[in-house]
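Coordinate analysis (summary)
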Amino acid sequence: MEKFMIPPEFDLPQKGRSEEAVKRWRAAVGKLVKNRRRRFRYAADLEKRSEAKEQMKRLRENIRVCFVTFKAALRFMEVAGQGKFIPSEGSSVPVEQEVEPDYQNGLPEEAKRAGFQVHPNKLASIVSSYDIKTLRKLKGVEGLSDRLNVSLVKGVNTNDVPTRQSIFGQNSYTEKPSKSFWMFVWEALHDLTLIILIVCAVVSIAVGLATEGWPRGMYDGVGIIFSIFLVVMVTAVSDYKQSLQFKELDKEKKKIFVQVIRDGFRQKISIFDLVVGDIVHLSIGDQVPADGIFVSGYSLLIDQSSLTGESVPINIQEKRPFLLAGTKVQDGSGKMLVTTVGMRTEWGKLMETLSEGGEDETPLQVKLNGVATIIGKIGLVFAVATFSVLTVRFLIEKGLRNEITIWSSADALTLLNYFATAVTIIVVAVPEGLPLAVTLSLAFAMKKLMNDKALVRHLSACETMGSATTICTDKTGTLTTNHMVVSKTWICGTVKEVDSNESSKLSLASNISEKVLAVLLQSIFNNTGSEVVTDKDGKTSILGTPTESAILEYGLRLGGNFDEERGACEFLKVEPFNSEKKRMSVIVALPDGSKRGFCKGASEIILKMCDTVISSEGETVYLSEERASDLLDVINGFACEALRTLCLAFKDFDNDGSNEISVPESGYTLIAIVGIKDPVRPGVKEAVKSCLAAGITVRMITGDNINTAKAIARECGILTDDDLAIEGPEFRTKTPYEMSQIIPKLKVMARSSPTDKHVLVKISRSMLREVVAVTGDGTNDAPALHEADIGFAMGIAGTEVAKESADVIVLDDNFATIVNVAKWGRSVYINIQKFVQFQLTVNIVALMINFIAACITGSAPLTAVQLLWVNLIMDTLGALALATEPPHDRLMERPPVGRTESFITRTMWRNIVGQSIYQLSLLLVLTFEGKQLLGLTGSDATAVLNTFIFNAFVFCQVFNEINSRDIEKINIFRGMFSNWIFSGIMFATVAFQVVIVEFLGTFASTVPLSWQLWALSVAIGAVGMPIAVVLKFIPVGKSKHNVDSEKQHDGYAPLPSGPDLA
């Protein structure tokens, strides 16, 4: 049945789908779409994507040509003897004597008064075209900063920001204007079936006025128009609210902050507040926020693949100073002068096109498009058959009366009503709301998750997370608080507890010499990627990662001064921390002219690089194997206390007068071992327990010492005695088959590299068929985040590269938030199943009752207006009621849904078929025997019966909607009254039904009913509830996909027994 309802064209993976596959399913939908504008509103615009690809090709070619020209010009200048790239003002390097071009040509007077001496367009072209010659004429970055009236040390004056935005533009991209409410009304009116019905209504009014006069001749036509108006307005309001939710979420996605120097102080600002002249700090994982010129830095490696397509990163330095917006920092750190922002950058022009391409449809949206297409085709056949049967019967009856050649306007009106009924059957039969219900449910979930600190970047992630079977999580900051402090140290053979209340310097001074303390402080303050800064109020703060901040704070408490230590040394080489090497190194020139290297990082790795250790007198002592073993015991002792351990080491170099020194791999002297405390987050243990109950395996992947990792994992409830903990180097030596054998038991991987995480995710997905969620915060985590079914990036500790690769950003870096996303993912999946069950039941009954009645009696019991009202109940209102149900804790007591599990389950088919049989049997009995059963007589008996059938049918749907709140459990009322959306829609549906029957009879072809018939209508609908209970006792077998695996599940718990039944 699943293959019939969802053809292969509509079964697409979440990731890695080809453009041809997308085109195939859209072609499979064919012409049977009532409103293409609405159905595909949130679908990817393939034409815009194609335009973006062409623009990207042109952009890449332009950048490639400019880069080749730049390299040629640079080589020419070097050959010509102009090796010094940027001459200072007193330099003897010759500068071109020709008349300098007028860089101020066309510059507004406002800009000249503000002290700017270069036109924005000329400035933009210097960077985008790699114009090294012009930059040289302007005397490099110093000369350019003078023309921009900015200090490279103090940065932009805050008071100048509005002027700079006015002259050089804002750092924002052109976006499509938001649609107004009336645009959604206009789009709703593009429904082809509604247009046909409007035409029918107009013709009906014209014919009615001619035959029946005013005002009676208008009733049928006005009734249809009013119903269409109601459908359009409700649809437009729902769609408009969805668009506002997506707009708000889109704003959150674009919130990126950068570190800049303004008013002489380093501060964090939004990229949208960036202006030309800003001095921006760049570090590993950052996205370059605007075009600019390199000012200073160390080992700055830029990945330009997003713009140029080239996978080889570019080393940025004085001779290669150009930085382009949209590129990413792969390694190193540096400062840049912003020269171009917003739409003047190549990235800005590209983003304008890319933003219109839209997002890929989610797998559920595509599947339900397939369901809608199949049901729509069936509905079209029934509509044509109904119209044909009614028309043929009408013609036969005219022939029997010998009136086949006599035609009146009344006959035309009858045929027109038949046609309107057939069109309305198509309106009801084509479940346009199915794929749109997914969007509605996802938008609702995304909005709620945003409030719960989870920013969903891709719609499909929220949907897929409901099927997650494994979560591979980082330790630091996710399972722990990321509020780090040095709590234990080993220095000169002595282990010390670091008391946060006392002065550490006093306790250390009694055991070590000032010489050791001086080396320790040099190591702490010079070998760091963080900074100690003072704000305008004189308050000192540390900017950097929590680990770095903890060590710097320790150094400050030892009495060290960050600025003095940094100012006393000249940096010769810097190797920033790298997750592959797990260490950071610097080489500096000391005040006496000697050179010294510092290294810190993973304790075991640094210890292996040391062959001496510093004594308490400051002398270097040989590090014997026995002593190294003792130090390893110290490290393991710290780790068993769940402390993150780091080693600090140094090495002195021979003074040969050369500054070209490479960072050594050995020969270091060990200074200290530090143990950093990072407590487990509150609530993590409960969140892990919830995952295990839900059939989700939690694995910790960390770069820390294995003993630290095991201690934290046990505290969180991840690791038990039967589970496996392994180190990354051991894991990567195994074959893929061996990995697949140990992964099911693997709960902790320590000292892992990003490559290990990527391999683990890949094997879990491909060989074990797991649905994998993975967390990441570093630049090198991007491949694993891409490979996983759902990638989570950390909002606080995560780099921009990681966030861009992720599907969900965890704004509070909390593991409990990830579990909450899983709960909402399950809720979305099950809510859509509820809605599909409800809508398919209405579809079957509405189609069959009209068709059978038309065949037998020659008239349809449900008119066009009534069917339009039923369509509104089951489509927009039904989606609002069922697709927005909030999750409950019982969702995390069910196993996850398997990859191959059918969406429309056997349980759902049981409920659909059972309810359809009851409703259809009842309505058919009423249609043929209703007058006798109800004792209806008189001229209005037929009108009363048809109204009663319509009323009973609507109440059947109202109670069936309540039944659909839980597909398996008997207690369908749990949480219903606390869900104001559901309760409000139920109340509004019943209230409007009363209005239609009692007061709008002339338009809706109804007559007022007695209270007895009202009570009977409600009772007939309510009988569906005990029938639903009986149906839930009928066992259904597992699908064939589910026989061999207990993990694969239809999304619902087995039917309970005894006290748990309710």
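In this text the structure is predicted, and so the values were computed from the model without any measurement.

It is worth spelling out the overall build of the chain at this point. Helices and strands together make up the secondary structure of the chain, namely 39 helices and 26 strands. Counting all 1062 residues of the chain, 55% fall into the buried class. Across the chain, contacts joining residues at least 24 apart in sequence account for 74% of those joining residues at least 6 apart. Put simply, the chain shows about 44,300 Å² of open surface, and 56% of that area lies on carbon and sulfur atoms.

What follows is about the pairing of strand E19 (residues 643-653). Buried residues dominate E19, accounting for nine of its eleven residues. The pairing of strand E16 (residues 595-602) with E19 spans eight bridges and is antiparallel. In the strand pairing of E19, Phe 598 is matched with Phe 650. Direction of pairing for E19 relative to strand E20 (residues 668-677): antiparallel, over a ladder of eight bridges. Each bridged residue has a counterpart across the sheet, and for Arg 644 the counterpart in E20 is Ile 676.

When helix H39 (residues 1024-1031) is considered as a whole, its buried residues turn out to be Gly 1024, Met 1025, Ala 1028 and Leu 1031. With its buried residues spanning 115 degrees around the axis, H39 presents them on a single face. Where the residues of H39 are buried, they touch helix H34 (906-934), helix H35 (941-963) and helix H38 (1011-1022).

Take the packing of helix H16 (residues 409-429) against helix H32 (residues 815-857) next. In the contact formed by H16 and H32, the axes pass within 9 Å of each other and the chain directions differ by 160 degrees. When the axis of H16 is compared with that of H32, the two are roughly antiparallel. As for how H16 packs across H32, the hand of that crossing is left-handed. Within the contact between the two elements, H16 uses Thr 421, Ile 425, Val 428 and Ala 429 and H32 uses Asn 843, Ala 846, Leu 847 and Asn 850.

On to the pattern of salt bridges, then. Counted under the stated rule, the structure contains 26 salt bridges. Residues Asp 889 and Lys 823 are paired through a salt bridge, measuring 3.0 Å at the closest nitrogen-oxygen approach. Within this pair, whereas Asp 889 is found in the loop between helix H33 (864-882) and H34, its partner Lys 823 is found in helix H32, the two being separated by 66 residues in sequence. By relative accessible area, Lys 823 is classed as buried at 17%. The network of salt bridges with shared partners includes Asp 474, Lys 757 and Asp 781.

For the rest of this paragraph, the subject is the packing of aromatic side chains. By the definition in use, this model includes 14 aromatic pairs. Residues Phe 184 and Tyr 240 carry aromatic rings whose centres are separated by 5.9 Å and whose planes lie at 65 degrees to one another, so their mutual orientation is edge-to-face. You can see Phe 184 sitting in helix H10 (residues 181-188) and its partner Tyr 240 sitting in helix H12 (residues 219-253), a full 56 residues away along the chain. Ring plane angle 50 degrees and centroid distance 5.0 Å describe the contact between Trp 869 and Phe 992, whose orientation is recorded as tilted. Of this pair, Trp 869 sits in helix H33 while Phe 992 is found in helix H36 (residues 980-999), placing the two residues 123 residues apart along the sequence. Judged by relative accessible area, Trp 869 falls into the buried class, the value being 7%. An aromatic cluster is defined as three or more aromatic residues linked by ring pairs; in this entry it consists of Phe 181, Trp 182, Phe 184 and Tyr 240. Against the face of Phe 184 rests Lys 179, its NZ or CZ located 5.8 Å from the ring centre. Positioned above the aromatic ring of Phe 982, the side-chain terminus of Arg 965 is 5.4 Å from the ring centre.

Let's shift gears to the pairing of strand E14 (residues 570-578). Here six bridges tie E14 to strand E15 (residues 583-589), and the two strands are oriented antiparallel to one another. Along E15, the bridge assignment pairs Lys 573 with Ile 587.

For the rest of this paragraph, the subject is the confidence of the model for the chain. Per-residue pLDDT for the chain averages 82, and the proportion of residues at 70 or more is 88%. Predicted confidence is poor over residues 82-100, with pLDDT under 50, and the contacts of this stretch with residues over four places away or in other chains come to 29 contacts. Predicted confidence is poor over residues 1040-1062, with pLDDT under 50, and the contacts of this stretch with residues over four places away or in other chains come to 46 contacts.

Unusually for a residue other than glycine, Asn 149 sits at a positive phi of about 55 degrees. With respect to the helices and strands, the residue Asn 149 is situated in the loop between helix H8 (140-147) and helix H9 (161-168). By relative accessible area, Asn 149 is classed as partly exposed at 40%. Even without a glycine there, the phi angle at Asn 482 is positive, about 70 degrees. Along the chain, Asn 482 turns up in the loop between strand E9 (470-473) and strand E10 (485-491).

Here we take up the sheet that holds strand E21 (residues 697-701). The strand order across the open sheet built from eight strands is E8-E26-E25-E24-E9-E21-E23-E22, with neighbouring strands paired in mixed fashion. The two strands at the open ends of the sheet, each matched to only one other strand, are strand E8 (454-456) and strand E22 (724-727). Direction aside, neighbouring strands of the sheet carry axes that sit 20 degrees apart on average. Inspection of the sheet shows strand E25 (residues 790-794) paired to strand E26 (residues 808-810) by three bridges, in the parallel sense. Paired with Phe 792 across the two strands is Val 808, which belongs to E26.

In this section: the nonpolar core. Within soluble globular proteins, side chains that are nonpolar generally end up buried alongside one another. Core analysis: the largest hydrophobic core is formed by 155 residues, its most contacted members being Leu 197, Met 465, Ile 790, Phe 792, Phe 815, Ile 832 and Val 836. Among the elements that take part in this core, H32 stands out by supplying 18 residues, more than any other. Contact partners of Val 836, with chain neighbours within four places excluded, come to Leu 368, Leu 434, Phe 903, Ile 904 and Met 908. Core analysis: the second largest hydrophobic core is formed by 59 residues, Ile 63, Ile 302, Leu 307 and Leu 350 among them.

Turning to the state of the cysteines, a few remarks are in order. According to the stated counting rule, one finds zero disulfides in the structure shown. Between Cys 599, a free cysteine, and Cys 610, which holds the nearest cysteine sulfur, the sulfur-to-sulfur gap is 7.8 Å.

Another point: helix H17 (residues 433-451). Here H17 contains 19 residues, and its C-alpha end-to-end distance of 27 Å stays within 8% of the 27 Å for a straight helix at 1.5 Å per residue. Most of H17 is tucked away: 16 of the 19 residues are buried. One or two steps after H17, the chain reaches Lys 453, where phi turns positive at roughly 70 degrees.

Interhelical geometry of helix H20 (residues 514-526) versus helix H21 (residues 546-557) gives an angle of 140 degrees and a closest axis separation of 9 Å. In this structure, H20 crosses over H21, and the sense of that crossing is left-handed. Between H20, through Leu 521, Ile 524 and Phe 525, and H21, the contact on the second element is made entirely by Ile 551, Leu 552, Tyr 554, Gly 555 and Leu 556. Here the residues of the contact of H20 with H21 are counted per class, giving seven nonpolar, one polar and no charged.

Moving on, we get to the side chain of Gln 259. Mapped onto the fold, Gln 259 is located in strand E1 (residues 257-262). Under the relative-accessibility criterion, Gln 259 is labelled buried at 18%. Not counting the four nearest positions on each side in its chain, Gln 259 is found in contact with Arg 266, Gln 267, Lys 268, Ile 279, Val 280, His 281 and Leu 543.

Criteria and cut-off values
- Residues numbered from 1 in each chain as written.
- Predicted model: local features only at pLDDT ≥ 70, side-chain atom pairs only at ≥ 80, totals over all residues.
- Heavy atoms only, no water.
- Helix = DSSP H or I, 4+ residues; strand = E, 2+ residues; numbered from the N terminus.
- Buried < 20%, exposed > 50% of the residue type's maximum accessible area, 1.4 Å probe, protein only.
- Contact = heavy atoms within 4.5 Å.
- Areas by Shrake-Rupley, 256 points an atom, 1.4 Å probe, with all protein chains shown as cover.
- Pairing = 2+ DSSP bridges.
- Arc of directions from axis to C-beta.
- Axes fitted to C-alpha atoms, helices over the stretch in contact; angles between N-to-C directions.
- Parallel < 35°, antiparallel > 145°, perpendicular 65-115°, else oblique.
- Left-handed = near helix turned anticlockwise from the far one by under 90°.
- Salt bridge = Lys/Arg side-chain N within 4 Å of Asp/Glu carboxyl O.
- Phe/Tyr/Trp six-rings, centres within 6.5 Å; stacked < 30°, edge-to-face > 60°.
- Lys NZ or Arg CZ within 6 Å of the ring centre and 35° of its normal.
- pLDDT = per-residue confidence, 0-100.
- Core = buried A, V, L, I, M, F, W, Y, C linked by side-chain atoms within 4.5 Å.
- Disulfide = S-S within 2.5 Å.
- Expected span 1.5 Å × (residues − 1).
- Nonpolar A, V, L, I, M, F, W, Y, C, P; charged D, E, K, R; others polar.

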